[in-house]
Amino acid sequence: LPQIRLLPKISASRRLFLKTKLIKKAMTMLENEKQARKDERERTLTERVPALQMSGLSLQDLQNLCKELHQKIDVVDEERYDVASKVTKNDREIQDLSQKIFELKGKMKRPNLRRVRVSADAMLGALLGSKVKESVDFKANLKTVKKEDEKVRKEEVTDWRKNVDAMSGMEGRKKLFTQTDPSPTCK
């Protein structure tokens, strides 16, 4: 379907002319707004903070004035800190609440996980940090197992078989049960 154009086609030169005119108008409006903000700031500062009259003051009066100004600065700084802490607390609370709303809606998008190929050295570097700067020799960290002679193993086996009573913890008590008593105790 063809689109219906309500406005006649504007030539490129006319479009450029209108665009530059709009940009100039926006720049003058922006400059006027900046100047208005600056004037407003200066007006409020002159209302709140009167100009200092330091001429004709003695050294002691100047020191007292400095102390008063420092006290006022401290009070204002405390107020600024309190307001900043309230703002950060409120921002955190807003973020938590918006996260809860987002979770309640159930539209939480989970990012698609991609398989990343990482070399062993890069993985060790990520896990162990900057401790490992060169490749690690895994074989050096393995325990060495001594190979025993077959004779020693056979002797252990034969010793174990000979010492069954001692290994089982019976220690000669087995003899008490295996001995036959010629005199019967029960009649």
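Residues numbered from 1 in each chain as written. Predicted model: local features only at pLDDT ≥ 70, side-chain atom pairs only at ≥ 80, totals over all residues. Heavy atoms only, no water.

Student: Summarise the overall build of the chain; cite the residues concerned and give the values.
Tutor: Across its full length, the chain holds seven helices and zero strands. Ordered by position in the sequence, the α and β elements of the chain form the string α-α-α-α-α-α-α. Looking at the 187 residues of the chain, the share that counts as buried comes to 1%. Carbon and sulfur atoms provide 57% of the accessible area of the chain, an area that totals close to 20,100 Å². (Helix = DSSP H or I, 4+ residues; strand = E, 2+ residues; numbered from the N terminus. Buried < 20%, exposed > 50% of the residue type's maximum accessible area, 1.4 Å probe, protein only. Areas by Shrake-Rupley, 256 points an atom, 1.4 Å probe, with all protein chains shown as cover.)

Student: Run through the pattern of salt bridges, naming residues and quoting values.
Tutor: Counted under the stated rule, the structure contains four salt bridges. For Glu33, the salt bridge identified is with Arg37, shortest N-O distance 3.0 Å. Taken together, the positions of Glu33 and Arg37, both in helix 1 (residues 12-48) and four residues apart, correspond to about one turn of that helix. A relative accessible area of 52% means that Arg37 is categorised as exposed. (Salt bridge = Lys/Arg side-chain N within 4 Å of Asp/Glu carboxyl O.)

Student: Can you lay out a negative patch on the surface for me, pointing to particular residues and giving the numbers?
Tutor: Negative charge collects at one region of the surface, where Asp74, Glu78, Glu79 and Asp82 lie side by side. Looking at the secondary structure, you find Glu79 in helix 2 (residues 59-105). (Patch = residues over 30% accessible without salt bridge, like charges linked within 9 Å, V, L, I, M, F, W, Y side chains within 5 Å. Lys, Arg positive; Asp, Glu negative; His and termini not counted. Charge placed at Lys NZ, Arg CZ, Asp CG, Glu CD.)

Student: Account for a nonpolar patch on the surface, naming residues and giving values.
Tutor: Together, Val116, Val118, Met123, Leu127 and Leu128 make up an exposed nonpolar region whose accessible area comes to about 490 Å². By the element assignment, Val116 lies in the loop between helix 2 and helix 3 (120-128).

Student: Account for the confidence of the model for the chain, naming residues and giving values.
Tutor: Confidence along the chain averages 77 in pLDDT terms, with 64% of residues attaining 70 or more. By mean pLDDT, the top-scoring element of the chain is helix 1 (94), and the lowest-scoring one is helix 5 (residues 150-162) (55). (pLDDT = per-residue confidence, 0-100.)

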